Amino acid sequence: MLSGFLAAAPGGDGFTFEGREASARTEQPDGYYFQGPLPYSDLTERGTGQVSFSVQDRVGLANATFGDKARLSASLRIGGADYRVELTQTGFPPRQAMSRAPAGPLPPPPPHLIEGGVLMGTSIYGETGIGWRATTRAHAAMAVWGIGSVWRNGTLVTDSALIHAAALDAGTYSDDDTKRLLREARPGDAEVVVLAWNLPPEVEPRGFIQFVFDNVSINVDGTRVPSVPVVPVTGDLPASLASLTPVAPTAFPAAVPPMSPPHFAPATGGSGTAGTTAGTTGVGAAGTTTITPPTANALPSEGPSTFSGTFAPAAPSEPPAVVSGVQPGSNATVGQGTFATPPTVAGVSVGGFTTPQVSAPDFNAFVGTSQVSPGILATVPPLTQSSGTPASPILGTPAPLNTGTPGPLLGTPAPLNAAPSTALPATPAPANAAPATGAATPAATGGAAGPAR
């Protein structure tokens, strides 16, 4: 019943539960991070990352702000920062219609049609009126706008960022390391652009981050979009020069209008009074034209005026002669050396010029002002070093290794029998070798001997 109601509703032919499907992903783990104060600039820095992007175009109504489905996950590591962007809501539904409303305020939808959040097979950017205007017009196999989250080094920056991603089947950035912005999209140059807007200024002062991935594959309804690894940037001029962008500065708001080109009114020769308001023209003596130029406030704004007639020469016709030598009636000498008026012999002037003799150069007796060198530029001392501390001497050439006293060579080891041998253990003395101790000598028998007679 619901499907029948939607089909019978005015404009219900633009709604379908199935819709077309498309996807894109990186084939190599690389990407580029946009520097500079504005998106889509020419200043990028190479990093390491990946992107996975898929859409389902379910709503074809031009004024629909949500209803399509998409998934986006992109990450890029540049220097010491690791960024991650994820799409959480396709399109811009009201907060009560979202399954998980973000904590921050919801960003408004972009001021152009998004047909439910997903566009497929359409031209974007540049003068198309869809997406960023101050860049080159491109062709997107699929593009999405919605709300998502941004992480930096694992910390959630915001969950209410305005997310835009586009898989371009005609890219606008060169395939070399410069990644410069080209003036015309090139079919076959597949790219994926990811832009996250509405970031907190205390975390990202620019308010946005942007990536571009070059080595990508794009599939639409199960068929891979033809692409080539490298598209040359040289070639013939495009068929329509009017389609080249960046567009005029008046294409986006808050821009300074361009200056109008100068306009010169056609002029022809005449009496010399064309275009003058405050000047006067008259005929002077000797057929010369006397012109009084107008004041600065009365100068014409449409180009220079044309004057005709004869003008007096700016320089005198007979300049004064340059005299060198001794002036008549004066003792002052003009110029260098002595130059006298030569005599005239048979109508031919004869004379000469004399110069003071210069002695042969002698460098042992130099006379003059000596030149003093201003000094050789020295290395700036460290900030921690006082100005009064003398500079450390220049490192000299290290001394040769053989200048010191060589160590003694290892001598021949002494033979093992050089030292006296250890005495062998002696034979122990017999047990009866020592005299017996502790026994009395027996007395002689027969009584005591009497004194001798």
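Remember, predicted model here, so these are calculated numbers, not experimental data.

(A) Geometry of the overall build of the chain. Scanning the chain for helices and strands turns up 1 helix and 18 strands. Here the chain holds 453 residues, and 28% of them are scored as buried.

(B) Expanded view of the confidence of the model for the chain. For the chain, per-residue confidence averages 73 on the pLDDT scale, and residues scoring 70 or more make up 56% of the total. Contacts of residues 322-326 to residues separated by more than four positions or lying in other chains number 11 contacts, the stretch itself having pLDDT below 50.

(C) Just the nonpolar core, in detail. Counting residues in each nonpolar core, the largest one holds 38 residues, and the members touching the most others are Phe 53, Val 194, Ile 209, Phe 211 and Phe 213. Once residues lying within four places of it in the same chain are set aside, the contact partners of Phe 211 are Tyr 32, Tyr 33, Phe 34, Ala 74, Leu 76, Tyr 83, Val 85, Val 192, Val 193 and Val 194. Counting residues in each nonpolar core, the second largest holds 24 residues, with Met 98, Leu 119, Phe 208 and Val 212 among its members.

(D) Structural detail: the side chain of Thr 172. In this fold, Thr 172 is placed in strand β8 (residues 155-173). A relative accessible area of 3% means that Thr 172 is categorised as buried. The contacts of Thr 172, once residues within four sequence positions are left out, are Thr 136, Arg 137, Ala 138, Arg 180, Leu 181, Leu 182, Ala 185 and Glu 191.

(E) Fine view of the layout of surface pockets. Within this model, the largest pocket holds a volume of roughly 650 Å³. Lining the largest pocket are 22 residues, and of these Pro 111, Gly 131, Trp 132, Arg 133 and Trp 197 lie nearest its centre. Elements represented by at least two residues in the lining of the largest pocket include exactly β8 and β9 (181-197). The class makeup of the residues in the lining of the largest pocket is 16 nonpolar, 5 polar and 1 charged.

(F) Highlighting empty space enclosed by the protein. Scanning the entire structure with this criterion turns up 2 cavities of 30 Å³ or more. Taken as a whole, the largest cavity encloses approximately 50 Å³ of empty space. Tyr 83, Val 150, Arg 152, Val 157, Leu 199, Val 203, Glu 204 and Ile 209 together form the lining of the largest cavity. For the lining of the largest cavity, the class distribution of residues is 6 nonpolar, no polar and 2 charged.

(G) View of the packing of aromatic side chains. Applying the stated criterion to the full structure yields 9 aromatic pairs. Each member of the aromatic cluster is reached from another via a ring pair, and the members are Tyr 40, Tyr 125, Trp 132, Trp 197 and Phe 208. A cation over an aromatic ring shows up here: Arg 84 above the ring of Trp 151, its NZ or CZ 3.9 Å from the ring centre. The ring centre of Phe 208 lies 4.4 Å from the NZ or CZ of Arg 206, which sits over that ring.

(H) Highlighting the pattern of salt bridges. Under the defined criterion, the tally for this structure stands at 9 salt bridges. Each of Asp 175, Arg 186 and Asp 189 takes part in salt bridges that share partners, so that together they form one network.

(I) Quick look at the pairing of strand β10 (residues 209-213). Counting buried residues in β10 gives 5 out of 5 residues, a clear majority hidden from the surface. Side chains Ile 209, Phe 211 and Phe 213 of β10 all project onto a buried face; the interleaved residues Gln 210 and Val 212 project onto the opposite face, where all are buried too. Sheet analysis places strand β2 (residues 31-34) next to β10, joined by 2 bridges and oriented antiparallel. Its bridge partner being in β10, Tyr 33 is matched across the sheet by Phe 211.

(J) Seen up close, the environment of Leu 199. If you trace the backbone, Leu 199 turns up in the loop between β9 and β10. In this structure the C-alpha to C-alpha distance between Leu 199 and Leu 162, which are 37 residues apart in sequence, comes to 8.5 Å. Dropping the residues within four chain positions of it, Leu 199 is found in contact with Val 150, Thr 158, Ala 161, Glu 204, Gly 207, Phe 208 and Ile 209.

(K) Region of the structure containing unusual backbone geometry. If you check the backbone angles, Glu 115 has positive phi at about 55 degrees while not being a glycine. Mapping Glu 115 onto the fold places it in the loop between β5 (81-90) and β6 (118-124). On the basis of relative accessible area, Glu 115 is assigned to the partly exposed category, the value being 22%. The residue Tyr 125 is not glycine, and still its phi comes out positive at about 70 degrees. Topologically, Tyr 125 is positioned in the loop between β6 and β7 (138-152).

Cut-off values and rules
Residues numbered from 1 in each chain as written. Predicted model: local features only at pLDDT ≥ 70, side-chain atom pairs only at ≥ 80, totals over all residues. Heavy atoms only, no water. Helix = DSSP H or I, 4+ residues; strand = E, 2+ residues; numbered from the N terminus. Buried < 20%, exposed > 50% of the residue type's maximum accessible area, 1.4 Å probe, protein only. pLDDT = per-residue confidence, 0-100. Contact = heavy atoms within 4.5 Å. Core = buried A, V, L, I, M, F, W, Y, C linked by side-chain atoms within 4.5 Å. 1 Å grid on protein atoms, 1.4 Å probe; cavity = no way out; pocket = protein on both sides within 12 Å on 5 of 7 lines; lining within 4 Å. Points joined across faces, edges and corners; volume = space filled by probe spheres on them. Nonpolar A, V, L, I, M, F, W, Y, C, P; charged D, E, K, R; others polar. Phe/Tyr/Trp six-rings, centres within 6.5 Å; stacked < 30°, edge-to-face > 60°. Lys NZ or Arg CZ within 6 Å of the ring centre and 35° of its normal. Salt bridge = Lys/Arg side-chain N within 4 Å of Asp/Glu carboxyl O. Pairing = 2+ DSSP bridges.

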